[in-house]
Amino acid sequence: MSGHLLVRRPSPALADGELTHIDREPVDAELALDQWRAYVDVFAGRDWTIHQIEPADAHPDGVFVEDTVVMFGQLAVLASPGAASRRGEVRSTEAALDALSTRAPDLGLRIARISEPGHLDGGDVLKVGRTVYVGLSSRTDAEGVAQLTALVEPRGWHVVSVPVTKVLHLKSGVTALPDGSVVGYPPLVDDVGAYPAFLPVPEERGTAVVDLSPPGAARTILMSADAPRTAEMYAARGLEVVSVPISEFEKLEGCVTCLSVRIRGNA
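Residues numbered from 1 in each chain as written. Predicted model: local features only at pLDDT ≥ 70, side-chain atom pairs only at ≥ 80, totals over all residues. Heavy atoms only, no water.

> Is there a simple way to think about the packing of aromatic side chains in this case?
Taken as a whole and judged by the stated rule, the model has six aromatic pairs. Ring pairing ties together the aromatic residues Tyr39, Phe43 and Trp48, which thus form one cluster. A cation over an aromatic ring shows up here: lysine 127 above the ring of phenylalanine 72, its NZ or CZ 5.3 Å from the ring centre. A cation over an aromatic ring shows up here: arginine 130 above the ring of tryptophan 157, its NZ or CZ 3.9 Å from the ring centre. (Phe/Tyr/Trp six-rings, centres within 6.5 Å; stacked < 30°, edge-to-face > 60°. Lys NZ or Arg CZ within 6 Å of the ring centre and 35° of its normal.)

Written as structure tokens, this is what we have:
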């Protein structure tokens, strides 16, 4: 098994989601649902166990579940969303984690949380090895970073805060390949020098990747279908690339990382 995947189907009110750095475009809710199902099917086809969080139709951004919790091995850190409209999403994520703990006690899940007055969105957290880059953005503040640091540094993680002013979340601008290289579209990255190994990509939609592989297996990544030149670049590095259309979520500053929470147990 590759791992466990937490997802939440998109709300019919998806088009009303929060926007920060881009103009609003019409969103096709039916197409979004089809794209979400295709996204989930990719994981199911790669032997991930799918767990659906309770629908949150009153929360247009609820499909972006990554923002509600960050996994550090067995520790699940519940977020404190920076947008007031999103804070109600965390309760159902916590309930889903509790249910998973009961169904899969071997995971040894433990839950902690970021509390007010601190704010932290999961999309602002990028783990590369044992380094945790946390974006100081419109959604994540210094108090949120301080609380996260206190939770994870005793567990062997090193937290580094970085500025995020050009995109919604840190992982809207950069993510990391399986070899630890941080990838991003330079015009949307505040400080490329913050990362020891930075690989520029030629397309904005090519910045977000998800590692689909089970531990120790050949590396396979998932990315947006709207970055074909970047996909070719990744393939040239020896990666198997799986591309999915997520246009309706990209209209709301979403990407492939924020549509799920990946849980690999002790990894």
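> I would appreciate a short explanation of the nonpolar core in the present structure.
Inside soluble globular proteins, nonpolar side chains tend to come together where they are buried. Tyr39, Phe43, Leu222, Phe249 and Val256 are the most contacted members of the largest nonpolar core, which totals 26 residues. Listing elements by their share of this core, those giving two or more residues are β1 (3–7), α1 (29–45) and β14 (240–244). Take this core: its biggest share by element is six residues, from α1. Here leucine 222 is in contact with Tyr39, Val42, Phe43, Ala208, Val209, Val210, Leu212, Val242, Val244 and Val256, once residues within four sequence places are set aside. (Core = buried A, V, L, I, M, F, W, Y, C linked by side-chain atoms within 4.5 Å. Buried < 20%, exposed > 50% of the residue type's maximum accessible area, 1.4 Å probe, protein only. Helix = DSSP H or I, 4+ residues; strand = E, 2+ residues; numbered from the N terminus. Contact = heavy atoms within 4.5 Å.)

> Just to check I follow, could you spell out the sheet that holds strand β7 (residues 131–136) for this structure?
Within a sheet, adjacent strands bond to each other through the backbone by hydrogen bonds, running parallel or antiparallel. If you trace the three strands from one edge of the open sheet to the other, you get β6-β7-β8, paired in mixed fashion. Looking at strand neighbours, the two that pair on one side only are β6 (125–128) and β8 (158–163), the edges of this open sheet. Here the strands of the sheet are splayed against their neighbours by 25° on average, with no regard to which way each runs. The sheet contact formed by β6 and β7 spans four bridges and is antiparallel. Paired with lysine 127 across the bridge in β7 is valine 132. (Pairing = 2+ DSSP bridges. Axes fitted to C-alpha atoms, helices over the stretch in contact; angles between N-to-C directions.)

> How should I be thinking about the side chain of arginine 139 in this particular structure?
Residue position: arginine 139 is located in the loop between β7 and α3 (142–152). Excluding anything up to four places from it in sequence, arginine 139 contacts Glu18, Thr20, Gly82, Ala83, Arg86, His119, Leu120, Asp121, Asp124, Leu168 and His169.

> Explain the side chain of glutamate 250 to me, please; I cannot follow it from the model alone.
With respect to the secondary-structure elements, glutamate 250 resides in helix α6 (residues 247–250). Residues within four places of glutamate 250 in sequence aside, it is in contact with Ile22, Arg205, Ser224 and Asp226.

> Would you mind going over unusual backbone geometry with me for this structure?
What you tend to see is this: most non-glycine residues have negative phi, and most peptide bonds are trans. Of the consecutive residues glutamate 116 and proline 117, the connecting peptide bond is found in the cis state with omega at 10°. Tracing the backbone through its elements, the reader meets proline 117 in the loop between β5 (110–113) and β6. We note that aspartate 47 has phi near 75°; this positive angle belongs to a residue other than glycine. For aspartate 47, the location among the structural elements is in the loop between α1 and β2 (48–52). For aspartate 47, a relative accessible area of 47% puts it in the partly exposed group. The phi dihedral of glutamate 253 falls on the positive side, at around 65°, and the residue is not glycine. Position of glutamate 253 among the secondary structure elements: in the loop between α6 and β15 (261–263). The class of glutamate 253 is buried, set by a relative accessible area of 13%.

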